[in-house]
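Each chain, written out:
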Amino acid sequence: MKLPEFWKTGAALLVLAGVGSYIWFVERKHEPKPESEREKVTVLAFDKAKAKEISLATSGGDTIRLVKEGSAWKVAAPFASPADTSAVESMLTSLEKLEADEVVVEQAASLAEYGLDKPSRTVTAVVEGTKDPLTVQFGSKSPDGSSVYARTGSAPRVYLVASWVEGSFDKKPFDLRDRDLLHVKRDDVRSLEVAGPEGSYTLARTDAGEWAFTKPVATRAGRWSVDGLLGTIENLRMESVAAEAATDVKPFGLDKPVRSVALVLKDGGTRTLDIGAGAPDPAPTPSPSPTPSPAKKGEKPAPPKPTKYYARQSGTGLVAVVPATLADDLAKGMGELRAKRLLEVATYETEGFEAVAAGAKKTYAKTTAKDKDGFDKTQWKRTAPDTKELETTKVEDALFKMGGIEVSEFVDQPQALAAYGLDDPVLKVTVKAKGESWIEVGKKDGVVYARRSNDAAVLKLDPTKAEELLKAFSEL
């Protein structure tokens, strides 16, 4: 007797159901629980301040080892150099109170099932007061990719840890080294000397905290422009290392640096940065681009402007590759840093001033009192030759106008003052604010000139703006 043909179909369905049940059972334990069902589990707990050493090892056999010396961290392998302490502290924070989303299994029958037979990453920390090093191994990711399997040391328990935790240890040696070339804070700089193709000049900070050129001419420097340059120097970081300890710096153009910046700090220490040849960029990914204009006959096309340069702290063997930002700023020359406004005055710092025009001298003072709501209220008044309260906005407008006039031309080797009408100025203003600063305005043959304290140059002014300035002070 023949069995009905449909028995084969039924048997096949039973087999498929069994296989499906097995797959569901096996894979189910690999899937993380829903967020609402998870309960954080402590994996590690220690005081990161007591960490003395940390190592990162990958499945490929690469190892980064960092050790703490005093309060600073240093890279000990694969090379020796100061470390970026903030980057190391960030890793230790991730490790200090490491938590898991859940315990997958108390005792894994097979580590390979979780990618822990050959961990993708192993983190080891030596902690003061702990007998054995603390170790965390990371394996493969969970099916949804949001978590990664992990275990501590040789313990059989397997955890699910958020993927970002493992990502915090995904570091290359360069990521953890100290990339600051000069270790300079802008407020600590007292003078700087710049040399380059555009000429050499020296800047010094005055007792009042202002900046002025001392060479090649004694002239004022723009407060914000110098501060911007110092900020670029303070934030200079190397993008890569061309040579850890070069004995021959000629290949990098550093035997005769194209540019150099020498700094003197408030503690008397010095730093000198040498900038050499342009460093090659990585080969770009081919992409469609407009056809460049053909060069004229016999004319060579201009080479592309470097985006990176070789640089080093003078006297050291480390040659770094740095972005072109600083070199580009220095290439603008001394003119970029000159004080282009007649006199920048901060009204909140101004205590008083004196104005002399047409042989008459007037003095002005500022007082501050509390208004009915308890807020500071500024009041300006003329104190000589008579006493009169003034509109604060009119006084501040006159002071602002000094900073609103831009110098149209600098005369660095001026003739006698009479050539500019400055032997008998039409206005002189002396401002008291963290010391004294003054300006004088003169006229000669329809042209308006000026000079100012701490400046050997004569300044040519825009006549319209100058007339507005004269009018503003005449009305006080």
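Whatever comes next refers back to the structure up there.
In what follows, the accompanying structure is described. Given the structure is predicted, the values throughout are model-derived calculations rather than measurements. (Residues numbered from 1 in each chain as written. Predicted model: local features only at pLDDT ≥ 70, side-chain atom pairs only at ≥ 80, totals over all residues. Heavy atoms only, no water.)

## Quick look at the sheet that holds strand S13 (residues 201–205)
The condition that has to hold: Pairs of strands are assigned from DSSP output, requiring at least two bridges between the strands. Here a strand is any run of E in DSSP of at least two residues, a helix any run of H or I of at least four, and the numbering for each starts at the N terminus. Contacts are residue-level and defined by heavy atoms, with any inter-residue pair within 4.5 Å sufficient. As a rule, the C-alpha atoms of each element are fitted with a line to give its axis, helices using only the stretch in contact, and angles between N-to-C directions run from 0 to 180 degrees.
Sheet architecture is open: 9 strands sit in the order S15-S14-S13-S12-S17-S18-S19-S20-S16, paired in antiparallel fashion. This sheet does not close on itself; its edge strands, each paired only once, are strand S15 (219–220) and strand S16 (240–243). The pairing of strand S19 (residues 308–313) with strand S20 (residues 319–323) spans 4 bridges and is classified as antiparallel. Counterpart to Tyr310 in the pairing with S20 is Val321. Its contacts with the sheet place helix H5 (residues 223–234) against strand S12 (189–195), S13, strand S14 (211–215) and strand S17 (259–265), and it is angled at close to 85° to S12.

## Examining the packing of helix H7 (residues 392–404) against helix H8 (residues 463–474)
Rules: Any angle that falls under 35 degrees is termed roughly parallel, while one over 145 is termed roughly antiparallel, one within 65 to 115 roughly perpendicular, and all others oblique. Left-handed describes a crossing whose near helix is turned anticlockwise from the far helix through less than a right angle; right-handed describes the clockwise counterpart.
As a packed pair, H7 and H8 sit with axes 9 Å apart at the nearest point and diverge in direction by 160°. Taken together, the axes of H7 and H8 are roughly antiparallel relative to one another. Taken as a pair, H7 and H8 cross one another with a handedness that is left-handed. Contacts between H7 and H8 pair Ala398, Leu399, Lys401 and Met402 from the former with Glu468, Leu469, Ala472 and Phe473 from the latter.

## Regarding helix H2 (residues 85–96)
Put simply, the test is: One less than the residue count of a helix, multiplied by 1.5 Å, gives the span that helix is expected to have. Burial here depends on accessible area, computed with a 1.4 Å probe over protein chains only, as a share of the maximum for the residue type. Under 20% is buried, over 50% is exposed, and the range in between is partly exposed.
Taking 1.5 Å of rise per residue, 12 residues should cover 16 Å, and H2 covers 16 Å from first to last C-alpha, within 8% of that figure. Those residues of H2 not exposed but buried are Ala87, Val88, Met91, Leu92, Ser94, Leu95 and Glu96. For H2, the elements touching its buried residues are strand S2 (51–58), strand S3 (63–69), strand S4 (72–77), strand S8 (121–127), strand S9 (134–141) and helix H4 (173–176).

## A few points about the packing of aromatic side chains
Rules: Aromatic contacts are taken between Phe, Tyr and Trp rings whose centres are within 6.5 Å, Trp giving its six-membered ring; a plane angle under 30 degrees counts as stacked, one over 60 as edge-to-face, and the others as tilted.
The final tally for this structure, using the stated rule, is 8 aromatic pairs. When the centroid spacing of 5.0 Å and the interplanar angle of 70° are considered together, the rings of Tyr420 and Tyr449 count as edge-to-face. Of this pair, Tyr420 sits in the loop between strand S25 (407–411) and strand S26 (427–432) while Tyr449 sits in strand S28 (residues 447–452); the two residues are 29 residues apart in sequence, bridging distant segments of the chain. Take Tyr420: its relative accessible area is 6%, and that puts it in the buried class. Classification of Tyr449 as buried rests on a relative accessible area of 14%. Among the aromatic residues, ring-to-ring pairing joins Phe353, Tyr364, Trp380 and Phe473 into one connected group.

None of the figures reported here should be taken as evidence of function without further support.
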